[in-house]
Amino acid sequence: MPIQFSTARRAPARAEVVAHGLTTEVLTGDGPLPAGLDRGDLGRLGFTAKVDQVQVVPAAGRLVVAVGLGPADRVDPDGLRRASACLARAVRGRRSLALDLASVTEAVPRPEAARAVVEGTALALYRFGYKSTKDEDRLSRVTLVGSTAAGVRTAVEQATAVVEGVKLARDLVNEPGGSLTPPKFANRVRRMARDRGLTVKVLDEAAIRRARLGGLLGVSRGSTQPPRFVELTWTPKGRPKGTLALVGKGLTFDSGGLSIKSGVGMMDMKMDMGGAAAVVGAMSVLPVLAPRCRVRAYLPMTDNMLGGDATRPGDVLTIRNGKTIEVLNTDAEGRLVLADALSMASEAKPDAIVDLATLTGACMVALGPRIAGLMGRDDGFLAQVEGASARTGERVWRLPLPADYRRMVDSPVADMKNIGGPHGGAITAGLILGEFVADGIPWAHLDIAGPAFADGDDCEVTRGGTGFGVRLLVDLACSFTSGG
Ligand code: BES
Ligand code: ZN
Ligand code: ZN
């Protein structure tokens, strides 16, 4: 059951745990501390109000908890999200929690603080697994103490919806490649779309052939599982303020194909549909937040296997837009399926396209596990993506797409080859994708190979699929303006 969030002026008497966010200033100052907290006790327990510090204070009756928020002038939504996540983990065995952030009312507008708290607590307690014995969390009610203003309540409602979208994306990523096959992935998306009132169209293998999606067919050739291509549409009421296209890499498992990965390199490759999962998660939230623009999603789904008729290194594929790619490494398959999807998206002439893909190990080498690479064309649109990133705390970092690097993917037999040289792998992948976005359409590419999957729990991030991109995409759709 999802956690129920509510707002109240004071902590409800029935709340089992009452938590107080404390800035360093409040802790070291000489004003009164909230009831149940004592400077001397907190000092002896080593509590200094650092972010991530959560100190449970044993008291008669209910539990009182001090939550560190750091220096007042540096409190921001990211810190509040982290602090709330730490708090939720510390009290996951209790049924009800009231959290009072009185000490930061000046620093962060209340609706933004509420959003961060909802995201932090709910996402930290996400679980997935096939264990036969389950340890269940009990936390089911969280009250945000302070303002009950309409703006705060709306923020809580919207954040709750976004959290469900992130959890959906995590569920999809965490599902093993053998059970979430392309047809099953497509069916789950179709069911979600019908539940939420989104338009959905699923192309099966025959339809994909008729649509000449040569990249998707080439990758799926080594598999006994048929591919799928799913289109989803959110249509707002009234005249849409532009159209935003979302494209997500949907490799339900990436073995590398004939250019097979190592055992270790393959271990987490059920996550190679993290881009498609983030797009699906974001689309599932749009009916609640109701952005004014139309949003169309394009999701190529396949696995990358090595059956007897798998694509061979040296084979040449013809993509939907007519361009040809020489496949020299079958493990560089994401760009092949995205090439078709970006061509399809371009044909509908949207005002902008953003794609998300677990595309290159090189991007992880460059930016580490928690930051996505951002590439593309059109500074205005890339700035919109950076704005959505800053507001949601899903970090991105710009990488260039230098025109003179294009020759790294020149092929003697086709329009391009699917790999560059030993260096700049995230960039050469981005340059290949750019060949399939029609001229003049603003385009952003997010390489989420790092942040889509986590090795372990860390604040609001849980081990496995992270749902990275859902929050950013929802914010982008809600703030999108075409032509700037
Ligand atoms: N799905 C992988 C990229 C990846 C690697 C995602 C690690 C997450 C974690 C992608 O299909 C791939 O294998 N890319 C190759 C490209 C290379 C062959 C040019 C890579 O990055 O090694
Ligand atoms: Zn691969
Ligand atoms: Zn891949």
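Overview of the coordination of the zinc ion (ligand 3)
Put simply, a metal with four donors set out as a tetrahedron has ideal angles of 109.5 degrees, and one with six donors set out as an octahedron has ideal angles of 90 or 180 degrees.
At step 1: Taken together, Lys249 (NZ), Asp254 (OD), Asp272 (OD) and Glu333 (OE) make up the full set of protein donors to the zinc ion (ligand 3), lying 1.9 to 2.4 Å away.
At step 2: One can describe the donor arrangement at the zinc ion (ligand 3) as octahedral, given that its 6 donor atoms subtend angles of 77 to 173° at the metal.
At step 3: Here the zinc ion (ligand 3) and the zinc ion (ligand 2) are spaced 3.2 Å apart, with aspartate 254 acting as a shared donor. Separated by 61 residues along the polypeptide, aspartate 272 in the loop between helix H9 (263-266) and helix H10 (274-289) and glutamate 333 in the loop between strand E13 (324-326) and helix H11 (334-347) bring together distant segments of the chain. You'll find aspartate 272 and glutamate 333 in the same group, each marked buried.

Re the coordination of the zinc ion (ligand 2)
At step 1: Distances from the zinc ion (ligand 2) to its protein donors, namely Asp254 (OD), Asp331 (O), Asp331 (OD) and Glu333 (OE), fall within the range 2.0 to 2.2 Å.
At step 2: For aspartate 254, a relative accessible area of 3% translates into the label buried.
At step 3: On the basis of relative accessibility, which here comes to 1%, the residue glutamate 333 falls in the buried class.

A closer look at the sheet that holds strand E5 (residues 96-100)
At step 1: Across the sheet, 6 strands lie side by side as E1-E6-E5-E2-E4-E3; this open sheet has mixed pairing. One side of each edge strand has no neighbouring strand; the edge strands of this open sheet are strand E1 (4-8) and strand E3 (54-57). Adjacent strand axes in the sheet meet at a mean angle of 20° when their direction is disregarded.
At step 2: Here strand E2 (residues 17-22) pairs with strand E4 (residues 63-68) via 6 bridges, running parallel. By the bridge assignment for E4, glycine 21 is matched with valine 67.

Considerations on the domain arrangement of the protein chain
At step 1: For the protein chain, the assigned domains read domain 1 (4-145) and domain 2 (162-479).
At step 2: Each of domain 1 and domain 2 was reduced to a C-alpha centroid, and the two centroids are 36 Å apart.
At step 3: Between domain 1 and domain 2, the residue contacts involve 16 residues of the former and 18 residues of the latter.
At step 4: Summed over both sides, the interface of domain 1 with domain 2 buries roughly 1,500 Å², with 60% coming from carbon and sulfur.
At step 5: For domain 1, the biggest contributors to the area lost against domain 2 are Leu123, Tyr126 and Phe128; these three give 45% of the whole.
At step 6: Remark: the boundary between domain 1 and domain 2 carries 2 salt bridges.
At step 7: We note a salt bridge from arginine 471 to glutamate 119, for which the minimum N-O separation is 3.7 Å.
At step 8: On inspection of domain 1 and its partner domain 2, the count reaches 7 residue pairs in polar contact (both at pLDDT 80 or more).

Looking at the packing of H11 against helix H14 (residues 425-434)
At step 1: Their axes nearest at 9 Å, the elements H11 and H14 cross at an angle of 30°. By the angle class used here, H11 and H14 are roughly parallel. Every pair of crossing elements has a handedness; the one defined by H11 and H14 is right-handed. Mapping the contact onto sequence places Arg335, Leu338 and Leu342 in H11 and Ala429, Ile432 and Leu433 in H14.
At step 2: A breakdown of the residues in the contact of H11 with H14 according to their chemical character gives 5 nonpolar, no polar and 1 charged.

Points about unusual backbone geometry
At step 1: For aspartate 52, which is not glycine, the phi dihedral falls at a positive 85°.
At step 2: Looking at the secondary structure, you find aspartate 52 in the loop between helix H2 (39-44) and E3.

How each quantity is defined
Residues numbered from 1 in each chain as written. Chains lettered and ligands numbered in written order. Predicted model: local features only at pLDDT ≥ 70, side-chain atom pairs only at ≥ 80, totals over all residues. Heavy atoms only, no water. Donors = N, O, S within 2.8 Å, 3.2 Å for Na, K, Ca; no water. Tetrahedral: all angles 85-135°; square planar, octahedral: opposite > 155°, others 65-115°. Helix = DSSP H or I, 4+ residues; strand = E, 2+ residues; numbered from the N terminus. Buried < 20%, exposed > 50% of the residue type's maximum accessible area, 1.4 Å probe, protein only. Pairing = 2+ DSSP bridges. Axes fitted to C-alpha atoms, helices over the stretch in contact; angles between N-to-C directions. Domains from an automatic or database assignment. Contact = heavy atoms within 4.5 Å. Buried area = accessible area lost by both parts, 1.4 Å probe. Salt bridge = Lys/Arg side-chain N within 4 Å of Asp/Glu carboxyl O. Polar contact = N/O pair within 3.5 Å; in protein donor to acceptor, adjacent residues only side chain to side chain. Parallel < 35°, antiparallel > 145°, perpendicular 65-115°, else oblique. Left-handed = near helix turned anticlockwise from the far one by under 90°. Nonpolar A, V, L, I, M, F, W, Y, C, P; charged D, E, K, R; others polar.

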